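Inside the fold
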Amino acid sequence: MLSCAMIAGTSLLFNNATAINTPGEKSNFNPAPQKALPRIAIAGLAIESSTFSPALTHEEAFHAKYGASVYSSYPFFADDSPIRKRAVWLPSLIGKSLPGGAVTREAYESLVNKTLDSLKKNGPYDGLFLDIHGAMSVAGLDDPEGDFIVRIRKVIGTKTIISTSMDLHGNVSLRLAENTDLITCYRMAPHEDAMETKQREVKKLLQRLESGKGKPAYKAWIPIPVLLPGEKTSTRIEPAKSIYEAVAPAAAQQGIIDAAIWVGYAWADEPRNHAVVMVTGDDKEKVTGTAERLAQSFWNARSGFSFVAPTGTLEECLNKAIASTKHPFFISDSGDNPTAGGAGDVTWTLKEILARSEFKSASGPSLIYASVPGPGLVQKAIAVGIGGRVEGNAGAEVDARYAGPVEISGTVKAIEYGGRDAEVEVVVQVGSVYVIVTKKRKPYHYEKDFTRLTLNPRKTDIVVVKIGYLVPELYDMRADWLLAITPGGVDQNLERLPYKRIQRPMFPLDKTMADPDLSARLVAASDKAFQRN
Ligand SMILES: [Zn+2]
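So, here is what we can say about the structure in this document. (Residues numbered from 1 in each chain as written. Predicted model: local features only at pLDDT ≥ 70, side-chain atom pairs only at ≥ 80, totals over all residues. Heavy atoms only, no water.)

1. Focus: the pairing of strand S15 (residues 367-373)
Among the seven residues in S15, seven count as buried, and that is most of the element. The pairing of S15 with strand S19 (residues 433-438) spans six bridges and is parallel. Across the sheet, the residue bridging to Val 372 is Val 437, located in S19. The sheet contact formed by S15 and strand S20 (residues 462-465) spans four bridges and is parallel. Pairing of Leu 367 across the sheet is with Ile 462, part of S20. (Buried < 20%, exposed > 50% of the residue type's maximum accessible area, 1.4 Å probe, protein only. Helix = DSSP H or I, 4+ residues; strand = E, 2+ residues; numbered from the N terminus. Pairing = 2+ DSSP bridges.)

2. Considerations on the nonpolar core
Proteins that are soluble and globular tend to have nonpolar side chains buried together. Ranked by internal contacts, the top residues of the largest apolar core, which has 95 residues, are Val 172, Phe 298 and Phe 450. Not counting the four nearest positions on each side in its chain, Val 172 is found in contact with Met 166, Ala 177, Ile 183, Trp 221, Trp 262, Val 276 and Met 278. Counting 33 residues, the second largest nonpolar core, distinct from the first, contains Cys 317, Phe 359, Val 372 and Val 378. (Core = buried A, V, L, I, M, F, W, Y, C linked by side-chain atoms within 4.5 Å. Contact = heavy atoms within 4.5 Å.)

3. Considering the sheet that holds strand S18 (residues 423-430)
In a beta sheet, neighbouring strands pair by backbone hydrogen bonds and run either parallel or antiparallel. Taken together, the nine strands give an open sheet; going across it, the order is S13-S21-S14-S20-S15-S19-S18-S17-S16, and neighbouring strands pair in mixed fashion. Because the sheet does not close on itself, it has two edges, and the strands there are strand S13 (311-312) and strand S16 (389-394).

4. Brief notes about the environment of Arg 175
Checked against the element boundaries, Arg 175 lands in helix H4 (residues 174-179). Overall, Arg 175 belongs to the partly exposed group, its relative accessible area being 29%. Along the sequence, Arg 175 and Ser 526 sit 351 residues apart, while their C-alpha atoms lie 9.5 Å from each other. Excluding its chain neighbours within four sequence positions, the residues that come into contact with Arg 175 are Asp 142, Asp 143, Gly 146, Asp 147 and Val 150. Within polar-contact distance, the side chain of Arg 175 engages the backbone oxygen of Asp 143 at 3.1 Å. (Polar contact = N/O pair within 3.5 Å; in protein donor to acceptor, adjacent residues only side chain to side chain.)

5. A short note on the coordination of the zinc ion
Note on the zinc ion: its protein donors are Asp 167 (OD), Asp 167 (OD), His 169 (ND1) and His 191 (NE2). The metal-donor distances range over 2.1 to 2.5 Å. Relative to the metal, the four donor atoms surrounding the zinc ion lie at angles of 54 to 144°, and the coordination shape comes out irregular. In the primary structure, the donors to the zinc ion are separated according to the pattern D-x1-H-x21-H. Here the two residues Asp 167 and His 169 agree in accessibility, since each one is buried. (Donors = N, O, S within 2.8 Å, 3.2 Å for Na, K, Ca; no water. Tetrahedral: all angles 85-135°; square planar, octahedral: opposite > 155°, others 65-115°.)

6. Brief notes about the pattern of salt bridges
Summed over all chains, the structure comprises 34 salt bridges. Across the pair Arg 175 and Asp 143 runs a salt bridge, and its minimum N-O distance is 3.2 Å. Of this pair, Arg 175 sits in helix H4 while Asp 143 is found in the loop between strand S7 (127-131) and helix H3 (144-156), placing the two residues 32 residues apart along the sequence. The class for Asp 143 is buried, based on a relative accessible area of 8%. (Salt bridge = Lys/Arg side-chain N within 4 Å of Asp/Glu carboxyl O.)

7. Describing the pairing of strand S1 (residues 39-46)
Burial analysis of S1 places eight of its eight residues in the buried class, which makes it a mostly covered element. Of the two faces of S1, the one carrying Arg 39, Ala 41, Ala 43 and Leu 45 and the one carrying Ile 40, Ile 42, Gly 44 and Ala 46 are both buried. The sheet contact formed by S1 and strand S5 (residues 88-96) spans seven bridges and is parallel. Within the sheet, the bridge partner assigned to Gly 44 lies in S5 and is Ile 94. The pairing of S1 with S7 spans four bridges and is parallel. Following the sheet pairing, Ile 42 is matched in S7 by Phe 129.

Spelled out as structure tokens, the structure:
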């Protein structure tokens, strides 16, 4: 049923835009074809949020940008960029949060309604660039991205071409597949191609509008019953390396617009959480054949996916790091990785480290721990200043399931203000351990995150970070690396998670499952899908 809020999707594009106007209008002769620029909206909400974490995400975590400030999130939308000149851009709202726990219903409704209000004001639109992650969990609402795009359609109508760009750890429900027109995701993990992917999707939208080709004739969607942690699907190593290297050539074929493989998101318990392949284009055989080939390659490789680094219990990892001659020796504290959706304040690992005799004296092996939120301790550190002694608790305010607050007693080595996420960061030395305590949780992904706190990770024996696979800067710095399977809201051992609602059978939880049907499903075009909503 069409909503009365819908604005008729009148094409403002070209008088002779065949794919947008009805065939009867095609012959309208315009003696001086004046190409009007397409009108394209920009919108999107991005977060991956774990339903296995007790944390909740509120609206302010999205750092929403409105109107012209949206351009600052994309280098390719800079004032003097060629892309800016190819359309009348109408930015609505872009919100991007650190991963975390489920988004509150209140925050979701507020952000969605602000987006819809702005879209209502500036329509109609020839196109909409939808920039989402795809793994948002909202308390009490399944498939939020599917809900979001249907509500957008109710405002902008069905003639507008929606081009959706996603993270490969997002989920593509049938509803999302039907209601978007173009769709893609990253081809690299870690996501070194994130901005390139968004730019590609914007360019493909422009090409479809400028050429008059409009919506793709075919969209193939193949759900694959595989659920893997991102740490087993780094495209730096096989089998994901070869699988993902095949995506760009597949997308470059004549008759194909784009091709993409989603690993999906393992830490939310919904029917949509699994891997997906989608291919869009105008050549039916190539679209379906390419999708089936990519899906089959992913399924065939399912048993080969393994962790990007050797793994172990925390005790095993610490023993090896202490005995090693390779420094800095990185250890990923993976169960509470805030960039996958962990609360970021689990204290279990830090408590274990501080209890080890090797680190009790300042002459022990040097170890940086990044990080634990402790606003109270940060306040005390500010009061005594650098060089002062501080004592207090940190962590376990959100996720205390594995350990309570950690007692930290030591010397303040650094105090830094102004981080967007942390707000205030302090370093407290306890024995030979340098604990980074933050006012709010923050990921530590860059060398400067450490050096601005007067820490030198390159000259430190052991660096423990709440992270999964090492991001490029840390990876390049490591002399050695182990991934510790630690407890938290993003436990890497999926078999420990209490799934109830994902589809079964699912690999690797159901090890003896039969081969699934991986034939391509041609999903409804967005206008047909919308009429059902
Ligand atoms: Zn991702």
